[in-house]
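# Tertiary structure, described
Listed below, chain by chain, are the residues.
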Amino acid sequence: MGSFRLGGMTLGSLFKRPETLRYPFEVKEPPQGLKGHIVNDVSRCIVCGICARVCPAGALAVDKKARTWAIDPFRCVQCASCVAACPKGCLTMAPEATGVAAERYDVVLEVPEQPKGAEAA
């Protein structure tokens, strides 16, 4: 009885589409709602530091004098607390997962000076 079932599965799989992807040539779409990594639109950032204060993992660092915004992607837990707390909406969660890294690194972005009157908008 078991041999017939096994033979049926084997013959059936010859005519079905493969269950796996040919990875380098076919890339699977990320599932809906996947939280991949944080992206900062520095043209809208006002370097307020609220995102760094609400981050439960301490992955963000904001230096107001140097006008830099930094994230340690290895400490980030993709909770999106910083995205929800940002008053200007410059932080978003990109659905793409980050690539594999051989060593730790920080992403440091320099925030340009805002024109006068642009902070009120």
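Residues numbered from 1 in each chain as written. Predicted model: local features only at pLDDT ≥ 70, side-chain atom pairs only at ≥ 80, totals over all residues. Heavy atoms only, no water.

### So, a nonpolar patch on the surface
Taken together, the side chains of Leu-11, Leu-14 and Phe-15 make up a nonpolar region of the molecular surface, amounting to roughly 400 Å² of accessible area. Here Leu-14 lies in helix α1 (residues 2–15). (Patch = residues over 30% accessible without salt bridge, like charges linked within 9 Å, V, L, I, M, F, W, Y side chains within 5 Å. Areas by Shrake-Rupley, 256 points an atom, 1.4 Å probe, with all protein chains shown as cover. Salt bridge = Lys/Arg side-chain N within 4 Å of Asp/Glu carboxyl O. Helix = DSSP H or I, 4+ residues; strand = E, 2+ residues; numbered from the N terminus.)

### Observations concerning the confidence of the model for the protein
When pLDDT is averaged across the protein, the result is 85; 93% of the residues are at 70 or more. Ranking the elements of the protein by mean pLDDT puts α1 last, at 79, and helix α2 (residues 50–54) first, at 96. (pLDDT = per-residue confidence, 0-100.)

### So, the pairing of strand β3 (residues 68–71)
Along β3, one buried face is formed by Thr-68 and Ala-70 and the opposite face, lined by Trp-69 and Ile-71, is buried too. Pairing analysis gives four bridges linking strand β2 (residues 60–63) to β3, with the strands arranged antiparallel. Counted as the bridge partner of Ala-61 is Ala-70 from β3. The antiparallel pairing of β2 with β3 creates a hairpin that spans four residues between the two strands, and Arg-67 there sits at a positive phi of about 55°. (Buried < 20%, exposed > 50% of the residue type's maximum accessible area, 1.4 Å probe, protein only. Pairing = 2+ DSSP bridges.)

### Quick notes on the sheet that holds β3
In space, the three strands of this open sheet follow the order β2-β3-β5, with antiparallel pairing throughout. The strands lining the two open edges of the sheet, one partner per strand, are β2 and β5 (107–110). If you compare each strand with its neighbour and ignore which way they point, the axes differ by 15° on average. (Axes fitted to C-alpha atoms, helices over the stretch in contact; angles between N-to-C directions.)

### Description of the side chain of Asn-40
Along the chain, Asn-40 falls in strand β1 (residues 37–40). For Asn-40, a relative accessible area of 11% puts it in the buried group. Setting aside residues no more than four positions away along its own chain, Asn-40 makes contact with Cys-45, Trp-69, Cys-90, Leu-91 and Leu-109. (Contact = heavy atoms within 4.5 Å.)

### Things to note about the packing of aromatic side chains
For the coordinates displayed, the defined rule picks out one aromatic pair. Pairing Phe-74 with Tyr-105 gives two aromatic rings, centres 5.5 Å apart and planes at 85°, and the pair type is edge-to-face. Of this pair, Phe-74 sits in the loop between β3 and α3 (81–85) while Tyr-105 sits in the loop between β4 (91–94) and β5, and the two are 31 residues apart along the sequence. Given the relative accessible area of 40%, Phe-74 is considered partly exposed. (Phe/Tyr/Trp six-rings, centres within 6.5 Å; stacked < 30°, edge-to-face > 60°.)

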